[in-house]
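Structural overview
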Amino acid sequence: MSAPRRNGRPAGPGVPLGRFFGVPVYLAPSWVFIALIITVSYQELVTKQVPDISQAGAYAVAFMFAVLLALSLLAHELGHTAVSLAFGMPVRRVVIFLLGGVSEIEKEPERPAEEYLVAIAGPLVSLLLAGISAAALPAASPGSVTRVVLYLLVGSNLAVAVFNLLPGLPLDGGRLLRAGVWQLSRSRLTGTRAGAWGGRAVAALVVLAALATIEPSDGPGLGNVILAGLLSVFIWVGASQSLTAATVTSRLPRLRIGELVRPALEVPPDLPVAEALRRAWATQVRALVVVDTTGRPRAIVSEAHVMAVPEARRPWTPVADVARPLEPGLTLSAALAGEALLDAFRKAPASEYLVVGQDGHTVGVLSAVDVARVLQEGRLPSGVPA
Ligand SMILES: [Zn+2]
């Protein structure tokens, strides 16, 4: 599996395993859970296949298989990562977790061919590992630990490849489907929509398949249904996120500060909130900028903070008390648009920004609420003078 950028936490998502071409690799704590399930459920198979093994030995071999499976998943992800890096798409990190692995790629591919090659690299690595394990099988004597481990690796790597090739986002097969539809329609958004709906269909089929194969007397059958349920939710959520992200991204070109900026009234810091609001309404202005005695902007009045001041207190509260001082990053150029504007938001998250022209004079205030509305609803907010 591979996933585009998501808003990350600064802390690592688990135990750091090392770096691959500078990309940090982590093992999430949830992996321990799946390793336990594998160890417990496969020790029986090991006991059957290796007749002279002790009980402890069978558990040890089953656990070794869990570790080798994690390494197989890691190799699959490093396949994605290597191709991404080769195309100049940075990878934030690789995480091995409960249900598999994720390569967090920081950039969307620019061409369908790039998308296709990044997506296919993981399953190809899995197929290669299955092939190598299968080729080594005849060399291992029947009833030996080596043979049973190789046999498990053939099956598991094949399963990883086939499952990931199911045609729905966020699985690799979904990315292949997206690349294909993107190529045909010449629209990445159309490709993503196809991949996301494929993902929802795959999510539903995974649950149906698990329910169809369950037998009432079968204990492990229930475990399969639970696992299938988890996978299904994971795929459904991932598909929906891809769809939302694609829709938002498709609206980015519509983002222009010039159309969103609210004209601002300049006020001195000690002016009472009530009087500032009266002046704003009188001049039909929806933003207030606090300036010092030389006329330089010092702070932006926060709409939310103003609303939080009770009506009765507004004549006694200076605007400086409900304003955010202008830190670096809160002043934006009126020329910013699209992705560059979002990057500026990410660097300095705030509810309001001061917008300045090329010569540094104040153009007005940009409200994050207005930007969010354009991205979510695809239209300019009402009441904002164009
Ligand atoms: Zn993958």
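Scroll up for the structure.
A short tour of the structure in this document, coming up. All residue numbers refer to positions counted from 1 along the written sequence of the respective chain. Totals for whole chains, interfaces and linings use all residues, but because this is a predicted model, local features are given only for residues with pLDDT of at least 70 and pairs of side-chain atoms are given and counted only at 80 or more. Only hydrogens and water are removed before side-chain values are computed, so all heavy atoms of the structure are retained for them.

**Description of the sheet that holds strand 10 (residues 331-333)**
Any two strands between which DSSP finds at least two bridges are classified as paired. Think of it this way: any DSSP run of H or I at least four residues long counts as a helix, any run of E at least two long counts as a strand, and we number them from the N terminus. With mixed pairing, the three strands of this open sheet are ordered in space as 10-11-12. If you trace the sheet from one side to the other, it starts and ends with strand 10 and strand 12 (362-367), each paired once. On average, each strand axis in the sheet is tilted by 35 degrees relative to the strand beside it, whichever way the strands run. Of the pairings in the sheet, the one linking strand 10 to strand 11 (residues 352-356) comprises three bridges and is parallel in character. Within the sheet, the bridge partner assigned to Leu332 lies in strand 11 and is Val355. Here a residue-residue contact requires only that any non-hydrogen atoms of the pair lie within 4.5 Å. Here the axes come from fitting lines to C-alpha atoms, over the contacting stretch only for helices, and the angles between their N-to-C directions go from 0 to 180 degrees. Here helix 11 (residues 338-347) sits on the sheet and contacts strand 10, strand 11 and strand 12; the angle it forms with strand 10, its principal contact strand, is near 170 degrees.

**Comments concerning the sheet that holds strand 8 (residues 297-301)**
Across the sheet, which stays open at both edges, the four strands sit in the order 6-7-8-9 with mixed pairing between neighbours. Strands with a single pairing partner mark the edges of an open sheet, and in this sheet they are strand 6 (264-267) and strand 9 (323-325). With strand direction ignored, the average angle separating the axes of adjacent strands in the sheet is 35 degrees. Along the sheet face, helix 9 (residues 273-282) touches strand 6 and strand 7 (287-291) and points at about 145 degrees away from the line of strand 6.

**Overview of the packing of helix 2 (residues 55-86) against helix 4 (residues 145-164)**
For the pair helix 2 and helix 4, interaxial distance at closest approach is 10 Å and the crossing angle is 40 degrees. Considering only the axes of helix 2 and helix 4, their crossing is right-handed. Here helix 2 contributes Val61, Met64, Phe65, Leu68, Leu69, Ser72, Leu73 and His76 to the contact with helix 4, which in turn contributes Val145, Val148, Val149, Leu152, Leu153, Ser156, Asn157, Val160 and Asn164. All amino acids are sorted into three groups, where Ala, Val, Leu, Ile, Met, Phe, Trp, Tyr, Cys and Pro are nonpolar, Asp, Glu, Lys and Arg are charged, and the leftover types, Gly among them, are polar. Grouping the constituent residues of the contact of helix 2 with helix 4 by class yields 12 nonpolar, five polar and no charged. Crossing handedness is read from the near helix: turned anticlockwise from the far helix by less than a right angle, it gives a left-handed crossing, and turned clockwise, a right-handed one.

**Some words on the pairing of strand 5 (residues 100-105)**
Burial analysis of strand 5 places six of its six residues in the buried class, the great majority of the element. Pairing analysis gives six bridges linking strand 4 (residues 91-97) to strand 5, with the strands arranged antiparallel. Residue pairing in the sheet places Phe97 in a bridge with Gly100 of strand 5. Where strand 4 hands over to strand 5, the hairpin turn is made up of two residues, counted between the paired strands. Here the term buried applies to any residue with accessible area under 20% of the maximum for its type, exposed to any over 50%, and partly exposed to those in between, with areas from a 1.4 Å probe on protein chains only.

**Looking at the pattern of salt bridges**
Throughout this description, the term salt bridge denotes a Lys or Arg side-chain nitrogen within 4 Å of a carboxyl oxygen of Asp or Glu. Enumeration over the complete set of coordinates arrives at 11 salt bridges. Note that Arg93 and Glu104 form a salt bridge whose closest N and O atoms lie 3.1 Å from each other. Pair noted here: Arg93 is in strand 4 and Glu104 is in strand 5, with a separation of 11 residues, a long-range link. Of the residues examined, Glu104 reaches a relative accessible area of 5% and is grouped as buried. One salt bridge in this structure joins Arg279 and Glu275, with 3.0 Å as the shortest N-O distance. On the criterion of helical spacing, the pair formed by Arg279 and Glu275 is a turn pair, its members being four residues apart in helix 9. Owing to a relative accessible area of 23%, Glu275 belongs among the partly exposed residues under this scheme. It is possible to trace a salt-bridge network through shared partners that takes in Arg92, Arg93 and Glu104.

**Considerations on helix 2**
By this rule, a helix spans an expected 1.5 Å times one less than how many residues it contains. Under the 1.5 Å per step criterion, the end-to-end length of helix 2 is 47 Å for 32 residues, consistent within 8% with the ideal 46 Å. Two residues or fewer past helix 2, Gly88 is found with a positive phi of approximately 80 degrees.

**Quick word on the side chain of Ser133**
In this fold, Ser133 is placed in helix 3 (residues 112-136). Once you skip the residues sitting within four places of it in the chain, Ser133 turns out to touch Leu150, Leu153 and Val154.

**So, a nonpolar patch on the surface**
Together, Leu205, Val207, Leu208 and Leu211 make up a nonpolar patch on the protein surface, roughly 360 Å² of accessible area in all. For Leu205, a relative accessible area of 55% corresponds to the exposed category. Note that patches include only residues with greater than 30% relative accessible area and no salt bridge, and the join distances are 9 Å for like charges and 5 Å for nonpolar side chains (Val, Leu, Ile, Met, Phe, Trp, Tyr). We get accessible surface area from the Shrake-Rupley algorithm with a probe of 1.4 Å; when it comes to residues, only the shown protein chains can shield them.

**So, the nonpolar core**
In this text, buried Ala, Val, Leu, Ile, Met, Phe, Trp, Tyr and Cys residues form a nonpolar core when linked through side-chain atoms within 4.5 Å. Trp31, Val94, Ile96, Val206 and Ile235 are the most contacted members of the largest nonpolar core, which totals 46 residues. Listed by contribution, the elements that provide at least two residues to this core are strand 3 (23-27), helix 1 (30-49), helix 2, strand 4, strand 5, helix 4, helix 6 (188-213) and helix 7 (219-251). At nine residues, helix 2 tops the list of elements feeding residues into this core. Apart from the residues within four sequence positions on either side, Val94 is in contact with Val23, Pro24, Val25, Tyr26, Leu74, Glu77, Leu78, Thr81, Val102 and Ser103. By size, the runner-up hydrophobic cluster in this structure holds 19 residues, among which are Leu330, Ala344, Phe345 and Val355.

**What about the packing of aromatic side chains?**
Pairing of aromatic side chains here covers Phe, Tyr and the six-membered ring of Trp, requires ring centres within 6.5 Å, and sorts the geometry by plane angle: under 30 degrees stacked, over 60 edge-to-face, intermediate tilted. Inspection of every chain in the model, using the stated rule, returns four aromatic pairs. Note on Phe97 and Phe234: the rings are 5.7 Å apart at their centroids and 45 degrees apart in plane angle, and the pair reads as tilted. Taken as a pair, Phe97 in strand 4 and Phe234 in helix 7 lie far apart in primary sequence, 137 residues in all. A positively charged side chain is recorded as over a ring if its NZ (Lys) or CZ (Arg) lies within 6 Å of the ring centre. The angle to the ring normal must also be within 35 degrees. Arg200 extends its terminal NZ or CZ atom over the ring of Trp197, reaching a point 4.6 Å from the ring centre.

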